[in-house]
Amino acid sequence: MDSDPGLRRSHDNNSFTSIPILDLSLGSPSASPERRTHFLSHLRHALTDVGFLYVTNHSVPSTVISNLVGILPALFSLPSKTKSSDLALVNSPHFLGYSALGAETTAGNQDSREQFEFATELPANPSFTCAPADNEEAKDEFRVPLYERLKGPNQWPDEIKHPELASFRTIVETYTAELTSLGERFLKLVAEALDLPEETFFSFLSEQHRLKLVRYPPALVTRSIEEKSDNNKEEEFIQGVGPHKDSSGWWTFLLQASPPHVKGLQVLNKSGEWIDVPVIEGSFVVNIGQAFEVVTQGMCKATTHRVVLSTSQREERFSVPFFQGVRGDLTRSEAVDTLKVHFASWVKKDAEGSEEGAVDSPFLRGKYDTWGESQLRTKIRSHRDVGKRWYPDFYEQYVGDDNN
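Source: prediction; values computed, not measured.

Chemist: Any chance you could explain the overall build of the protein here in plain terms?
Modeler: Along the backbone of the protein there are 13 helices and 15 strands. When burial is assessed residue by residue, the protein has 51% of its 404 residues classed as buried. By element, 49% of the accessible surface of the protein is carried by carbon and sulfur atoms, the whole surface being about 18500 Å².

See below:
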């Protein structure tokens, strides 16, 4: 890769009007040197100028994807009691389970989605369930940071009561394993595109990654957030999920699990325009999380995105984001300093003199020194019923803290 800082941002820094499409096979060791160089240049552009990209020829078996897509309707067709009681998020101190339609808000408005959240299957940490009650010395041996409680087992549908989901756990765990592998392969290419050793970013990863299975129902005209004229007809939109950056993961790998004519995802460019991200069959949409922006000194920025649902679109929309996990004990100083020297020469100033790589991060602004505690605070504030039930000693502290 070119080591000249002046060439490191090799594309014009204009606002993008479409999302780059990268064929991962062109970055494989078997590709010709010319093709790999061209691929890495385009990947660097996507990393530093867009923050979003499609990946194709990603080596995730099509059967693994189709099995997951095929079982989503049965999952969301479970009885309301099963979803909202037996599998409810509030049952889990790990924030894993079902959230009902309208349970979440983003950017101050209610989201129109229901979802199940799963993660890499891990046992519950015994430190939170079997610490000796009377022996203080023994207690110290069991003490671990509270944010480690975010790791733990999933809530799975009862396959005996719901035989239509008999293979569900196997399908989800297989998909999670494949996306974990894809994420690791992709990080090696990212490191190379940024002139770093290929395993540079592995040390930031957690042993647990998260997966959401999301359903957006057909839009109803209840909360119009945008109107536009098209041949003298007004088309109304409601919020599927409001404008946000991905705050919980390292990278996100999104499967748009509906046919190409079902739209919704949009990305905000540097000119303030919303750019559609249509379904491309056989692809994943990949985007930068806020932790990665911090570690790269703001040179690879998390990009604001949203889902809008048109009232003229009468079909439900399914979406499956996979969030590559960040290890909880990552400290603020480690996140900022590890690659600071490497990226120092990349930071340029714009016409007004402000640093192009400046980072606006809740993690950097907040009072909590580790990524894990920052994430625990965010989850408790987002899911207050879970916080009250499982973290009563810390609930008021986190909910009352508005510093990040």
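From this point, the narrative continues.
Chemist: Sorry, what's going on with the sheet that holds strand 7 (residues 210–216) here?
Modeler: Across a sheet, paired strands are connected by hydrogen bonds in the backbone, their directions being either parallel or antiparallel. Spatially, 8 strands are ordered 1-2-13-10-15-7-6-3 in an open sheet, and the strand pairing comes out mixed. Single-partner strands in this sheet number two, and they are strand 1 (21–23) and strand 3 (97–99). Along the sheet, successive strands turn relative to each other by an average axial angle of 25°, direction set aside. Note that strand 1 and strand 2 (residues 52–56) share 3 bridges and pair parallel. Residue pairing for strand 2: Asp23 is matched across the bridge by Thr56.

Chemist: Help me understand the packing of helix 3 (residues 62–76) against helix 6 (residues 168–193), please; the structure alone is not making it clear to me.
Modeler: Packed helices, taken two at a time, are described by their axes: the angle between them and the distance between them. Following both chains from N to C, one finds helix 3 and helix 6 inclined at 135°, their axes separated by 10 Å at the closest point. Considering the angle they form, helix 3 stands oblique to helix 6. Crossing handedness for the pair helix 3 and helix 6: left-handed. Across the interface between the two elements, Val64, Ile65, Asn67, Leu68, Ile71 and Leu75 from helix 3 touch Phe168, Ile171, Val172, Thr174, Tyr175 and Glu178 from helix 6. The residue inventory of the contact of helix 3 with helix 6, partitioned by class, reads 9 nonpolar, 2 polar and 1 charged.

Chemist: Honestly, the environment of Leu339 in this entry has me stumped. Any pointers?
Modeler: Residue placement: Leu339 occurs in the loop between helix 8 (332–337) and helix 9 (340–344). When residues no more than four places from it in sequence are discounted, the contact partners of Leu339 are Leu196, Thr200, Phe201, Val295 and Gln297.

Chemist: Got a minute to help me understand empty space enclosed by the protein in this structure?
Modeler: Taken as a whole, this structure holds 1 cavity of 30 Å³ or more when the rule is applied. The calculated volume of the largest cavity comes to roughly 30 Å³. Looking at the largest cavity, the residues that line it are Tyr216, Pro217, Pro218, Ala219, Leu309, Ser310, Gln313, Glu315 and Arg317. Here the residues of the lining of the largest cavity sort into 5 nonpolar, 2 polar and 2 charged.

Chemist: How do you make sense of unusual backbone geometry when you look at a structure like this?
Modeler: Note on backbone geometry: most residues besides glycine have negative phi, and most peptide bonds are trans. A positive phi angle, near 60°, is found at Phe95, a position not held by glycine. Tracing the backbone through its elements, the reader meets Phe95 in the loop between helix 4 (80–86) and strand 3. Residue classification places Phe95 among the buried positions, given a relative accessible area of 1%. For Gln297, which is not glycine, the phi dihedral falls at a positive 60°. Within the fold, Gln297 resides in the loop between helix 7 (290–295) and strand 14 (305–310). Taking the relative accessible area as the measure of exposure, Gln297 reaches 15% and is therefore buried.

Procedures and definitions
- Residues numbered from 1 in each chain as written.
- Predicted model: local features only at pLDDT ≥ 70, side-chain atom pairs only at ≥ 80, totals over all residues.
- Heavy atoms only, no water.
- Helix = DSSP H or I, 4+ residues; strand = E, 2+ residues; numbered from the N terminus.
- Buried < 20%, exposed > 50% of the residue type's maximum accessible area, 1.4 Å probe, protein only.
- Areas by Shrake-Rupley, 256 points an atom, 1.4 Å probe, with all protein chains shown as cover.
- Pairing = 2+ DSSP bridges.
- Axes fitted to C-alpha atoms, helices over the stretch in contact; angles between N-to-C directions.
- Parallel < 35°, antiparallel > 145°, perpendicular 65-115°, else oblique.
- Left-handed = near helix turned anticlockwise from the far one by under 90°.
- Contact = heavy atoms within 4.5 Å.
- Nonpolar A, V, L, I, M, F, W, Y, C, P; charged D, E, K, R; others polar.
- 1 Å grid on protein atoms, 1.4 Å probe; cavity = no way out; pocket = protein on both sides within 12 Å on 5 of 7 lines; lining within 4 Å.
- Points joined across faces, edges and corners; volume = space filled by probe spheres on them.

Shape descriptors only; they carry no functional weight alone.
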